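Descriptive structure summary
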Amino acid sequence: MPAIIENYDVCVVGAGHAGCEAALACARLGLKTIIFTVSVDSIALMPCNPNVGGSSKGHLVREIDALGGEMGKNIDKTFIQSKMLNKSKGPAVHSLRAQADKAAYSMEMRKTLQNTENLTIKQIEISEIITDENNNITGVKSVTGATYNCRAAVLCTGTYLRARCLTGEYINETGPNGLQAATHLTDSLKEHGIEIYRFKTGTPARVDKRSLDFSKMQEQLGDEKVVPFSFTTNPEDVQIDQISCWLTYTNEKTHEIIRGNLDRSPMYSGVIEGTGPRYCPSIEDKVVKFADKNRHQIFIEPEGLNTNEMYVGGMSSSLPEDVQLEMYRTVPGMENVKIVRNAYAIEYDCINPNQLYASLEFKNVHGLFSGGQFNGSSGYEEAACQGLIAGINAAMKLLDKNPLILDRSEAYIGVLIDDLVTKENHEPYRMMTSRAEYRLLLRQDNADLRLAEHGHRVGLLSEDRYQWVKEKAKMIKEEIERINEVKIGANKKVQQFLEQHNSIPLNTGVSLADLMRRPELDYDSLAELDPDRPNLPEEVKNQVEINVKYEGYIKRQIKQVEHFKKLEKKKLPTNFDYSNIGGLRIESVQKLNKLQPISIGQASRISGVSPADISVILVYLEQLKYSNPDLFYQLNGNNE
Ligand SMILES: Cc1cc2nc3c(=O)[nH]c(=O)nc-3n(C[C@H](O)[C@H](O)[C@H](O)COP(=O)(O)OP(=O)(O)OC[C@H]3O[C@@H](n4cnc5c(N)ncnc54)[C@H](O)[C@@H]3O)c2cc1C
Ligand SMILES: NC(=O)c1ccc[n+]([C@@H]2O[C@H](COP(=O)([O-])OP(=O)(O)OC[C@H]3O[C@@H](n4cnc5c(N)ncnc54)[C@H](O)[C@@H]3O)[C@@H](O)[C@H]2O)c1
């Protein structure tokens, strides 16, 4: 029988959090797109924790939303509890976190894919990528022999490639949740010269709610006033009845059981080859690495409204089933626990992301892009934002437009991708606020102001939305100017007001902005002294408050960004042989030749490239002016 041949603009392999964003971006930009999954039931599946956001991950979701992605909207429709974390700290680290109804999250995303024009969903395992003699992608092939021709492809295979799951001595050659693994694609990628890593991750048990004693745990309520993830969600729509999470702790007894059974853990007995995430350690890892701690926090989190399953957050494990049951039963409130699904570790193939440009296109296969856990990251949000950028850039390539490359001063997404493509990474990469050097500017509250222009330029953000963000920026600017000009005199009314707010009286007149910088005062409380105040939307008032209160820090960081931008603007040639530059150390030449950084800034972040090497390259670039003026002006044309 003749094999099926179909034609598309873009093939997206994988329908996890990365693949969904990639496919939606391409289809919404008018490209004929097909998304493949080994199981339609795994669309936007959450194989581990039932939540979106959290420290720094909440920032990523806001940024995805600001660019026109889907994750924020999807969780706003399907969350069952929401909390702004770190509220006692500065606004730079405030992070939104929401419990998801997993099944609803997955189904809602599926509905969105199904209702998107230009988008086809196909359940089949992709086994090969196809290229022409010039290494341009021309299609993908399925295990059944069907060929899907395309002009660009995005690989988002997550944790499915040659996946195997381990629970103690029991090893199952499947993907997450017992879903079929994808066993063929790795060989094809290797044949195309793609370097493969093997990573691992793990998940805790899901337990039956009816077997828990919540009276021995601390109830964790959601926020009274819920803030939506998406800038486009009406805040009224997210004020729902919320479901509680519960907090409990491990103890010495738990740790003893773990220590006594380490030889049966595949992680410690050497059965697992892959490298795991340092920042999401299993309970075995925690007990071994933090031996001095006598307890660890355990969050019991509901998996959804229509299931009794509860997620045991903080206790992921690959210990055997019997040990799991014994250790979980030592935790207060879990004495009679019944496990619905065992904890397990999973090993899978992914790539060394240094093979990618910052556009997430492979350097050696033109038109092939990738995103998500396949790129060596970990986490739903990390996956989704890469999928979005890979999808946008696949589309930009086909539409003959400039790629979307966010730099480290613009977005956490920029930090994440820059880290992946320039730094050596030998474990699943997790986003953290500490990775973002300009985090005072990259707040979750201003993601729309930072990124709307990019979303609009690529075509994913509607004109209306873009105009609103511009209007909002204007209102913020004007209000900051106004409150700097409003003078508050040291009169009786003012001194009384200050006394009431435990604030030192004034010696002389000050601006309203000066008063607002006092920790005990804020924009709202000062309304009393500000009769001419315009009636502004809540989100504008928030921005005014943050920008005025943290003005000193923000200004300092803006200065640092200016310096950073100078180095980012100094472009380097692509496909360049660095051994042509005399004076570079061999290690640097090898790294630079392999990574082909696009700018001096990026080159300076490659581990092993020293400041002295950077000086040598800068001198070389300067000499290009005389030795190769064409190349010099091509690189620096717009910057000099
Ligand atoms: C056990 C486990 C524990 C984890 N722990 C956490 C956690 O606690 N917190 C966290 O944030 N993240 C965790 N993760 C990671 C999280 O699941 C991923 O980061 C996230 O789901 C990755 O999204 P993705 O889109 O890259 O891939 P996935 O969600 O894995 O999706 C991959 C998609 O690709 C499809 N696919 C793969 N290969 C092929 C092929 N050849 N042909 C067709 N379709 C294919 C699959 O069907 C699937 O649709 C865990 C993952 C697992 C499995
Ligand atoms: N990606 C992977 O490969 C992998 C592997 C294992 C585990 N993980 C997971 O990554 C996630 C991130 O871990 P994390 O704990 O730092 O981040 P988190 O987003 O789950 O929580 C951040 C912080 O919020 C608090 N918190 C957590 N759950 C809460 C709840 N239900 N209610 C109130 N506060 C809560 C805790 O103080 C926690 O440290 C975890 O869920 C972990 O299981 C990932």
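Before reading further, recall that the structure is shown in the block above.
Described in the following lines is the structure provided in the data block. Numbers given for residues are sequential positions, taken from 1 along each chain in its written order. Lettering for chains starts from A, numbering for ligands starts from 1, and both go in the order in which the items are written. In keeping with the model being predicted, local features are shown solely for residues with a pLDDT of at least 70 and side-chain atom pairs are shown and tallied solely at 80 or more, while totals for entire chains, interfaces and linings include all residues. Values shown for side chains rest on all heavy atoms present in the structure; no hydrogens or waters enter the calculation.

Some details on the environment of K549
Condition: Secondary structure elements are taken from DSSP: a helix is a run of H or I of four residues or more, a strand is a run of E of two residues or more, and numbering for both begins at the N terminus. Contacts are assigned to residue pairs that have any heavy atoms within 4.5 Å of one another. Counting of polar contacts relies on pairs of N or O atoms within 3.5 Å, with two restrictions inside protein: one atom must be capable of donating a hydrogen and the other of accepting it, and residues adjacent in sequence are counted only when both atoms are side-chain atoms.
Its place among the elements puts K549 in helix α16 (residues 538-549). When the C-alpha positions of K549 and F231 are compared, they lie 23 Å apart, and in sequence the two are 318 residues distant. In this view, K549 contacts M516, R517, R518, P519, L521 and D522; residues no more than four positions away in its chain are not counted. Engagement of the side chain of K549 in a polar contact is seen with the backbone oxygen of R518, the distance being 3.0 Å.

So, the site of ligand 1
Defined as follows: Here a residue is near a molecule or strand as soon as one of its heavy atoms is found within 4 Å of it. Methods summary: accessible areas were calculated by the Shrake-Rupley approach with a probe of 1.4 Å, and residue burial reflects only the protein chains presented.
Near ligand 1, the surroundings consist of 37 residues, among which C48, N49, I126, Q373 and G379 are the closest. Within the backbone of H17, one N or O atom sits 3.0 Å away from an oxygen atom of ligand 1. S42 is positioned with one of its side-chain polar atoms (N or O) 3.2 Å from an oxygen atom of ligand 1. Coverage of ligand 1 by the protein chains reaches 97% of its 980 Å² of free accessible surface. A per-element tally of the shell around ligand 1 places strand β14 (residues 196-203) first, with three residues.

Overview of the site of ligand 2
The cut-off we apply is this: Polar here means any residue other than Ala, Val, Leu, Ile, Met, Phe, Trp, Tyr, Cys and Pro, which are nonpolar, and Asp, Glu, Lys and Arg, which are charged; Gly is therefore polar.
For ligand 2, the set of nearby residues contains 20 residues, the closest of which are R97, T201, C280, Y311 and S378. One nitrogen or oxygen atom from the side chain of R97 is found 3.1 Å from a nitrogen atom belonging to ligand 2. Look at ligand 2: alone it shows 790 Å² of surface, and the protein chains cover 79% of it. At the level of secondary structure, the elements contributing two or more residues to the shell around ligand 2 comprise β5 (79-85), β6 (95-100), β14 and β18 (297-302). The leading source of residues in the shell around ligand 2 is β18, at three residues. Classifying every residue of the shell around ligand 2 by side-chain character gives six nonpolar, 10 polar and four charged.

Brief notes about the environment of D285
Among the secondary structure elements, D285 is positioned in helix α8 (residues 283-289). Each C-alpha atom, one on D285 and one on S316, is 9.6 Å from the other, the two residues being 31 residues apart in sequence. Sequence-distant contacts of D285, defined by excluding residues within four places in its chain, comprise Y268 and F290.

Brief notes about the nonpolar core
To keep things clear, this is the line we draw: Nonpolar cores are built from buried Ala, Val, Leu, Ile, Met, Phe, Trp, Tyr and Cys residues. Side-chain atoms within 4.5 Å join them into one set. Categorising residues by exposure relies on relative accessible area from a 1.4 Å probe, with only protein chains included: less than 20% of the type maximum marks a residue as buried, more than 50% marks it as exposed, and the intermediate range marks it as partly exposed. Either an automatic procedure or a domain database provided the assignment from which the domain bounds are taken.
The biggest cluster of nonpolar side chains holds 108 residues, and the ones touching the most others in it are F36, Y105, V154, L189, L368 and I413. It is helix α10 (residues 380-398) that contributes the most residues to this core, 12 residues altogether. Split by domain, this core shows at least three residues from each of two domains, domain 1 (5-200 + 348-458) and domain 2 (206-345). F36 has contacts with C11, V12, V13, G14, A15, K122, I124, I126, V140 and Y148, leaving out every residue within four places of it along the chain. By size, the runner-up hydrophobic cluster in this structure holds 24 residues, among which are M217, I257, M327 and A343.

Some thoughts on the sheet that holds strand β1 (residues 5-7)
The criterion, for reference: Two strands make a pair as long as DSSP finds a minimum of two bridges between them. Angular values range over 0 to 180 degrees, each being the angle between N-to-C directions of two axes fitted as lines to C-alpha atoms, with helices fitted over their stretch in contact.
What the four strands build is an open sheet, ordered β1-β10-β9-β8; its pairing is mixed. Both outer strands of the open sheet, β1 and β8 (126-131), are each paired with one neighbouring strand and no more. Between one strand axis and the next, the sheet turns through 20 degrees on average, direction left out of account. With five bridges connecting them, β8 and strand β9 (residues 137-142) associate as antiparallel partners. Across the sheet, the residue bridging to E128 is K141, located in β9.

All we've got here are geometric facts, nothing functional implied.
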